[in-house]
Amino acid sequence: MSTIDYNSSIPNNVNLDSDRRLQRALERWQPGYLQWWQEMGPDGFQARDIYLRTAISADSDGWAHFDYVKMPDYRWGIFLADPEAGRTIPGGDHAGKPVWQEVPGEHRTALRRIIVTQGDTEPASVEQQRQLGKTAPSLYDLRNLFQVNVEEGRHLWAMVYLLHSYFGKEGRDEADELLARRSGDADKPRILDAFNQPCDDWLSFFCFTMFADRDGKYQLAALAESGFDPLSRTCRFMLTEEAHHMFVGDTGLERIIRRGAELTVLDPNGDARAQGGIDLPTIQRFINYWLSYCLDLFGSEVSTNAGDWFGAGLKGRFGEARRYDEHSALDQAKTLTFVEGDRLVEREVPLRSAMNEVLRDDYYAECENAVRRWNKTIAAAGLSFELTVPHRRFHRRQGLYAGAFFDPAGARIDEATFEAQRGEWLFTDADKAYVNGLMTPVHEAGKMAHWIAPPRRGINGMPFEFEYVRFD
Ligand SMILES: [Fe+2]
Ligand SMILES: [Fe+2]
């Protein structure tokens, strides 16, 4: 059981006190981080008391402590899941051999790239969500936003720890760069496209935490199956935090859908907007937009890199150790659909080179499950409308389907047809303006904006009416 040392200037459960050089390097990085938080973290609210959870141990049960904290005083630190005795490399060419505690020289560049790419998404999402506090639909939601934000900040710390600890000067330079890039910046954008899109309304925020944080779950889960043990342990603890982010997204969307359905039923013309709600077709267009961006995050359907990283044991499949019996993924194939001229053609590719798609399969199935649940909510309100998960070929900018056009059911169409229907499938400027018009803050405990249903329960056993953010 590893308790976290909060006496150190950087809270940690990695015995940082015993490694002065590393501690000093991280202490040198820390002021830059705090400055980044002030400049690019939540705009406003920095002096407010927020009811936040902080990790107190890395155990799965009871790791969190809840109390009022001002965000700049949040104890960002370095928490790794406890080591597993006798852990072996889960997948690839070295499956079954002991895990590495140091970076193998031949995989140094690849591992650094993997860690930097993951690390870059963490501050990016904080930047994307920077303005949302000003329009939170309730104190409960405001608190959840800030919980997600401080934990994304901590995820940056998690990746920076690995860079500082295992990658020398190059790692330290990369850690500095993580504070220098900016979401959506023309000159120094964040690495991945979805993390450069503005996320400035709460429907987008819930789509983001539902779909982008869920991508995070799958990426972290693949890295939790790494043969590089410090990376695996880091990601295993991050996954416990990620669960809350997805909860925020999933329940947030469910609450907007529930309210949208109620208001549709209430209106004599079935028009949720006339009742001040968000209509289900608009919600569908936001889902289509964000999910298609998030499907891109898994990378190309056919990827030599993905195959090499699996073979080397740097990443595994989702649940590699637990869900699979055969860990080499050699002499196996996966059927993919290719675009050839006007036609779609199915072809087999070696399983290893389809590893991105294997991970995307698991992610996509989980999204389908969520939409099935939301449809039950809609049916319970007495409506026959059904939300759908857009086909994975729809509106893609990366991989096999980029550059071609598909409808949300995955049928091939031409560009003119796509553009003619775009406004039915992806949110329009008018949708965005309507949703933005609803975004007025509700800062009174126990009150909820009109366009979203209250949560079914509060945080940490507290009632919804609890003062999750103190305003005086
Ligand atoms: Fe994260
Ligand atoms: Fe997250």
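Quick note: structure is the one above.
Residues numbered from 1 in each chain as written. Chains lettered and ligands numbered in written order. Predicted model: local features only at pLDDT ≥ 70, side-chain atom pairs only at ≥ 80, totals over all residues.

Novice: Would you mind showing me how to read the overall build of the chain here?
Specialist: The helix and strand tally for the chain stands at 12 helices and seven strands. Taken over the C-alpha trace, the chain has a radius of gyration of 23 Å; the compact-globule value for 472 residues is 23 Å, and the two agree within 12%. In terms of overall dimensions, the chain has a C-alpha envelope of 70 × 65 × 40 Å along the principal axes. Per-residue burial over the chain gives 47% buried out of 472 residues. Taking the intrachain contacts of the chain between residues at least 6 apart in sequence as the baseline, contacts between residues at least 24 apart amount to 69%. (Helix = DSSP H or I, 4+ residues; strand = E, 2+ residues; numbered from the N terminus. Rg over C-alpha atoms; globule rule 2.2 N^0.38 Å. Buried ≥ 20, exposed ≤ 12 C-beta atoms within 10 Å, placed from the backbone. Contact = placed C-beta atoms within 7 Å.)

Novice: Would you explain the packing of helix 3 (residues 139–166) against helix 4 (residues 168–180) in this entry?
Specialist: The description of two helices packed together rests on the angle between their axes and the distance between the axes. Relative to each other, helix 3 and helix 4 sit at 155°, their axes nearing to 7 Å. With respect to helix 4, the element helix 3 is oriented roughly antiparallel. Contact with helix 3, carried on its side by Leu-156, Val-160, Leu-163, His-164 and Tyr-166, involves Gly-171, Arg-172, Glu-174, Ala-175 and Leu-178 of helix 4 and no other residues of that element. (Axes fitted to C-alpha atoms, helices over the stretch in contact; angles between N-to-C directions. Parallel < 35°, antiparallel > 145°, perpendicular 65-115°, else oblique.)

Novice: For this particular structure, what's the right way to read the sheet that holds strand 2 (residues 64–69)?
Specialist: Taken in spatial order, the three strands line up as 2-1-7 in an open sheet, and their pairing is antiparallel. What marks the edges here is a single partner per strand, and that holds for strand 2 and strand 7 (469–470). Pairing of strand 1 (residues 49–55) with strand 7 involves two bridges; the strand directions are antiparallel. When the sheet's bridge partners are listed, Asp-49 is paired in strand 7 with Arg-470. Against the sheet, helix 3 touches strand 1 and strand 7, its axis set at about 40° to strand 1. (Pairing = 2+ DSSP bridges.)

Novice: Looking at this structure, I do not really get helix 4. What am I missing?
Specialist: Side chains that are three or four residues apart share a direction in an α-helix, a result of its 3.6 residues per turn. Helix length check: helix 4, at 13 residues, gives a terminal C-alpha distance of 19 Å against a target of 18 Å (1.5 Å per residue), a fit within 8%. By the burial criterion, the buried members of helix 4 are Gly-171, Glu-174, Ala-175 and Leu-178. All buried residues of helix 4 project into a common sector of 105° when viewed along the axis, lining one side. Exposed residues lying more than 90 degrees from the buried face of helix 4 are Lys-169, Asp-173 and Ala-180. (Expected span 1.5 Å × (residues − 1). Arc of directions from axis to C-beta.)

Novice: Would you explain the environment of Ser-138 in this entry?
Specialist: Its location among the elements puts Ser-138 in the loop between helix 2 (108–128) and helix 3. Judged by the 24 C-beta atoms lying within 10 Å of it, Ser-138 is buried. Discounting residues that sit within four places of it in the chain, Ser-138 has contacts with Val-442, Lys-447, Met-448 and Ala-449.

Novice: It is not clear to me how the nonpolar core should be interpreted in this structure. Could you clarify?
Specialist: Soluble globular proteins tend to pack their nonpolar side chains together in the buried interior. In terms of nonpolar packing, the biggest core is built from 116 residues, with Val-160, Leu-203, Cys-207, Ile-256, Trp-290 and Cys-294 touching the most fellow members. Not counting residues up to four positions away in its chain, the partners in contact with Leu-203 are Ile-256, Ile-278, Ile-283, Phe-286 and Val-435. (Core = buried A, V, L, I, M, F, W, Y, C linked by C-beta atoms within 7 Å.)

Novice: Would you mind showing me how to read the environment of Arg-360 here?
Specialist: Looking at the secondary structure, you find Arg-360 in helix 10 (residues 355–380). Residue classification places Arg-360 among the buried residues on the basis of 22 C-beta atoms within 10 Å. In this structure, the C-alpha to C-alpha distance between Arg-360 and Leu-220, residues 140 residues apart in sequence, is 13 Å. Apart from the residues within four sequence positions on either side, Arg-360 is in contact with Leu-295, Phe-298 and Arg-392.

Novice: Whenever I open this one, the pairing of strand 3 (residues 333–340) confuses me. Can you help?
Specialist: If a strand is regular, its side chains alternate between the two faces of the sheet. Here strand 3 runs beside strand 4 (residues 343–350); their pairing, made up of eight bridges, is antiparallel. Note on strand 4: the bridge partner recorded for Thr-335 is Glu-348. A loop of two residues connects strand 3 with strand 4, the two strands running antiparallel in sequence, and Gly-341 in this loop sits at a positive phi of about 60°.

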